[in-house]
Amino acid sequence: MDGEVLTQPVFRSLGWTWWTKRPSYALVFLRETSSVFIAVQVVLVLVLLHKAGQPAADYQAYLDFLWNPGMVVFHVVSIAFALLHTYTWFNLLPQTIAIRVMGRRIPGLLLVAPQFGAWAVVTGLIIAWVWWVGAG
Amino acid sequence: MSAVDQLQHDVLVIGGGGAGLRAAIAVAQEHPDLSIGIVSKVYPMRSHTVAAEGGMAAVIKDNDSAEDHIYDTISGSDWLADQDAVEMFVEEAPRELIQLEHWGCPWSREATGHVAVRPFGGMKLQRTWFATDKTGFHVLHSLFQTCLQFPSITRYDEWFATKLLVDDGRCQGCTAIELRTGQLRPIYAKSVIIATGGFGRIFPFTTNGAIKTGDGLAIAYRAGVALKDMEFVQYHPTGLPGTGILITEASRGEGGVLRNNKGERYLADYDLGEPLPLDDPRHPQLRTMELGPRDRLSQAFIKEQEKGNTYSGPYGDYVHLDIQHLGEHRIDTKLPFVRELARNYGGIDPVTESIPVRPVVHYMMGGIDTDIEAATSLPGLYAAGECACVSINGANRLGSNSLTELVVFGARAGRNAANFAHAADPAAIDRLESQVDDERARIRRILEQPSGGERVAELRRDMTTTMEEGAGIYRTQEGIEQTYATLSDLRERFGSVDLDDRTNVYNTDLISALELDYMLEISLALAASARDRTESRGSHQRTDHPDRDDDHFLKHSLAMRGDDGTPEVSFRDVVITKWPPGSRTYGSSDQAKAATTES
Amino acid sequence: MSTAIETTIKFEVFRYQPDWDEPTYQLYDVPYREDWVVLDALNYIKDTVDGTLTYRWSCRMGVCGSCGAMVNGYPKLTCAAFLSEYMPGPIRVEPLVNFNVERDLVTSIEGFMEKLESVQPWIIREDGATDDLKSEYLQTPDQHAAYQQFSMCINCLLCYAACPVSSHSDEFIGPAALALAQRYNLDTRDEGVEQRRDVILKDEGIWECSFVGECSAVCPKHVDPAGAIQQAKMTGAIDYYRRLLMPWTVKS
């Protein structure tokens, strides 16, 4: 009731392994980790551009490097991450943008669908272009 | 402890709910030179104001008038309200509600941008402002967040006030236990405002949260202040069976109806008017049927129960509240919390099913005796909100008047306590220290006494059981006397209370014991007042005295704590200004009467 | 009345007192009732078995915000966590993580109170002092709807217990307080956006959020603090570029 009183709180946190504790956390962790793979891919492309200006043998050696089995696995993982990142990020847009029309917030689908639509169109155009270049 | 370490303020507010926060802001805003302390046993945003749902009455619309609000309140009170207080209350209400609006309360709006109003029980016109059906929540958070901006306010969150410090005939602070450390400390002040809310927890089945144990009433009562009109206990007609969770009156204001087990709108049998078809554009009719006053609706339930017209379930009998005809969109925009509560706690979706409801203890009309200025008989001590009894509520409070009461009288208490503090000398700390020591000894006795064998929870259960048995919706002399005797016995047994927890830090076992002590104290005052009022008026219904008796009981009861600790009840005349006692009529007869008085 | 053998459910409750070296878990058997919530079980334990068990609660209807705890690892209001969802058990109840634990299930929320105050969660008006209270500020239902969701926060702090950023940064203002800042910024009656700007945009403000989104997932009142923070980021970014590219449009 009087005098010194011991109060000694303990701190409990999610800790550094937080991302292992829930599937939803793991998914966020993967989404964020994907940026590492995408960054490496960008570097690989920049090097490719650089190599294109070098002697043909250098260029061919680099292409061979990109096609070695280990790198192919890396490319596959990268594209999986890119898809995951795109997919999850597109789905987050409705939380980020609150547009109200006629007193109601416009449904998330109206924000998400155009992104996937645009994504599909751009992907289609790139595939068509690659196919056209390859055929020509 | 040196004088520097003493906790000292100009104005001390006990209670951090709607009334306490409004009082503190009034002091801070109008007297920036004064230092303010707020002692609250929970963080202020946990206070039970948060659970109020339906709305807050004030005259704002052109078709409304102060006169009408006053008349509705007085007739709702069964003429036990002090009319000068009601007049002042109604006059000040709009300004206080606009003040809340300016502090950010998110009132529901009309298309024009003006605040919207909804119908409520016992009100002749639509005058209830609302923030969906979470009005109390929004009011409390608006007040709390607003109060954060004032540097002159010091909060003592999770401090439990145990006793008022009184010397030289005036109140000079309180003692309080800091829950985090278990220390009991005095907090001195030049004036004190009690705003600790009601005490529904003396009953077993209540809408009230766990914290509503009437501590403020008990400490004022022990300091020699009378408790007024304690016998008037409001049962809200629509609580969820089992939990007692409130289904707001706004559900009926929006058009919801009550049905018995035959599917009948049984209120038609209780002099509350004729039911209109649900598709009639005039439904719901004001002051009629489901929009009658709460006491009458709760009493009608008991009569239906006696006729065997109620459903029975694991938590007792119930009737149906039907809002299905409002449709999903209206329910989601006007009554979202009702849907949330019915789904989560009643297991039914009111869009497609009727909600099981029964009367449940909701509000205490009685409380610390204050005058129109929120002052008590003890100089320097003020009270506001549910813990106080001015009285504007008389024998039955109208729905949506209580939140308004918090701000109107909270602000008044703040202003008057500030003026008092300006003129008063500092607390006489030297002379008060022995009281602090005595209080410390009292609590240490409870904390440390050797095994006495009585458990807090068991005593509490016995108390709530006897309160329901003897002081429920219908009362008899015999029943009340039995309850009084049981309570006296429980007080004896409390002397042997045996705590499991004898530590300091967050000793909630000790706090529960102290709360129980306070609840037993005020329950006795309630029982004594109910015993001595041998008439039926508003929420106080005596089957052995079924009529209102204006000749003898147009009076407030006042329970004072006698020297032996038992309550002594006396009576004081009600203030009548312009509205002589009349018959309290609702429904069609009321419409006829209204038409004749207006012509 | 019933003579059938009563179904019980096991509780593992986190226990800690300041004079203990470390926390422990205590086991209790609680009778199973279909309509009981975890809070009912805690009250059963406190009232009949062990009065030393310490936790906060009041309204038991999901609006006072007192009774948050980790229930089987997830932040929950114990008054809204039905035993039936956890059958056959056991149910582990622990204090909300990312807070200091004072005793048993009681955490210290002082840090939150300071963060809340720091975002100035009140209406700021240039005419504040001269307010005559003659009439209400007009606000259309649409304007009201724009901030209404963010005004529903009951300060239960489940969002902080779900937030990995809060678990690693004491300073992060965090979901509830930032959502309330956004609530006032979006309120047409408020003129305090500039005053709140620095605290919201500082490092410990919105930019520390990595949009895990779990705060919104656990919010019992569907406040969507993650949405509030991302919307504030969007506004903040647009504001930054406006200041950079069109400084003449910015009031000094």
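Residues numbered from 1 in each chain as written. Chains lettered and ligands numbered in written order. Predicted model: local features only at pLDDT ≥ 70, side-chain atom pairs only at ≥ 80, totals over all residues. Heavy atoms only, no water.

## Some points on the interface of chain B and chain C
Reasoning step 1: Contact residues are listed per partner, giving 66 residues for chain B and 64 residues for chain C.
Reasoning step 2: Summing both sides of the interface, chain B and chain C together bury roughly 5,300 Å²; the carbon and sulfur share of this comes to 53%.
Reasoning step 3: Of all residues in chain B, B:Arg46, B:His102 and B:Gln145 bury the most surface against chain C, accounting for 14% of the area lost on that side.
Reasoning step 4: Among the ionic pairs, C:Arg56 bridges to B:Glu158, the shortest N-O distance being 2.7 Å.
Reasoning step 5: At the junction of chain B with chain C, the criterion picks out 35 residue pairs in polar contact (both at pLDDT 80 or more).
Reasoning step 6: Among the residues making up the side of chain B that touches chain C, the classes are represented as 25 nonpolar, 23 polar and 18 charged. (Contact = heavy atoms within 4.5 Å. Buried area = accessible area lost by both parts, 1.4 Å probe. Salt bridge = Lys/Arg side-chain N within 4 Å of Asp/Glu carboxyl O. Polar contact = N/O pair within 3.5 Å; in protein donor to acceptor, adjacent residues only side chain to side chain. Nonpolar A, V, L, I, M, F, W, Y, C, P; charged D, E, K, R; others polar.)

## Digging into the pattern of salt bridges
Residues and elements named next belong to chain B.
Reasoning step 1: Scanning the entire structure with this criterion turns up 78 salt bridges over all chains.
Reasoning step 2: With its nearest N and O atoms 2.8 Å apart, the salt bridge here joins Asp72 to Arg287. Here Asp72 is found in helix α2 (residues 66-76), whereas its partner Arg287 is found in the loop between β12 (257-259) and α7 (294-307), with 215 residues between them in sequence. Per residue, the accessibility class of Asp72 equals that of Arg287, and both read buried.
Reasoning step 3: For Arg282, the salt bridge goes to Asp280, with nearest N and O atoms at 2.9 Å.
Reasoning step 4: On the accessibility criterion, Arg282 (53% relative accessible area) is exposed.
Reasoning step 5: Residue classification places Asp280 among the buried residues on the basis of a relative accessible area of 14%.
Reasoning step 6: Salt bridges here are not isolated pairs; linked through shared partners, they connect Asp78, Asp229, Glu231, Asp295, Arg533, Glu535, Arg537, Arg548, Asp550 and Arg584. (Helix = DSSP H or I, 4+ residues; strand = E, 2+ residues; numbered from the N terminus. Buried < 20%, exposed > 50% of the residue type's maximum accessible area, 1.4 Å probe, protein only.)

## Let's talk about the pairing of strand β8 (residues 170-178) of chain B
Residues and elements named next belong to chain B.
Reasoning step 1: The buried fraction of β8 amounts to nine of the nine residues, a majority that puts the element mostly inside the structure.
Reasoning step 2: Pairing of strand β7 (residues 159-167) with β8 involves seven bridges; the strand directions are antiparallel. Opposite Phe160, over in β8, you have Ile177 as the bridge partner.
Reasoning step 3: Linking two consecutive strands that pair antiparallel, namely β8 and strand β9 (residues 183-194), is a turn of four residues; a positive phi of about 80 degrees is found at Gly182 within it. (Pairing = 2+ DSSP bridges.)

## Let's talk about the domain arrangement of chain A
Residues and elements named next belong to chain A.
Reasoning step 1: Each assigned domain of chain A is listed here: domain 1 (3-96) and domain 2 (107-136).
Reasoning step 2: With seven residues of domain 1 at the interface, the matching set in domain 2 holds six residues.
Reasoning step 3: The largest per-residue losses of area from domain 1 upon contact with domain 2 belong to Phe90, Leu93 and Pro94, which jointly make up 66% of the total buried on that side.
Reasoning step 4: Inspection of the domain 1/domain 2 interface yields zero salt bridges.
Reasoning step 5: Classifying every residue of the side of domain 1 that touches domain 2 by side-chain character gives five nonpolar, two polar and no charged. (Domains from an automatic or database assignment.)

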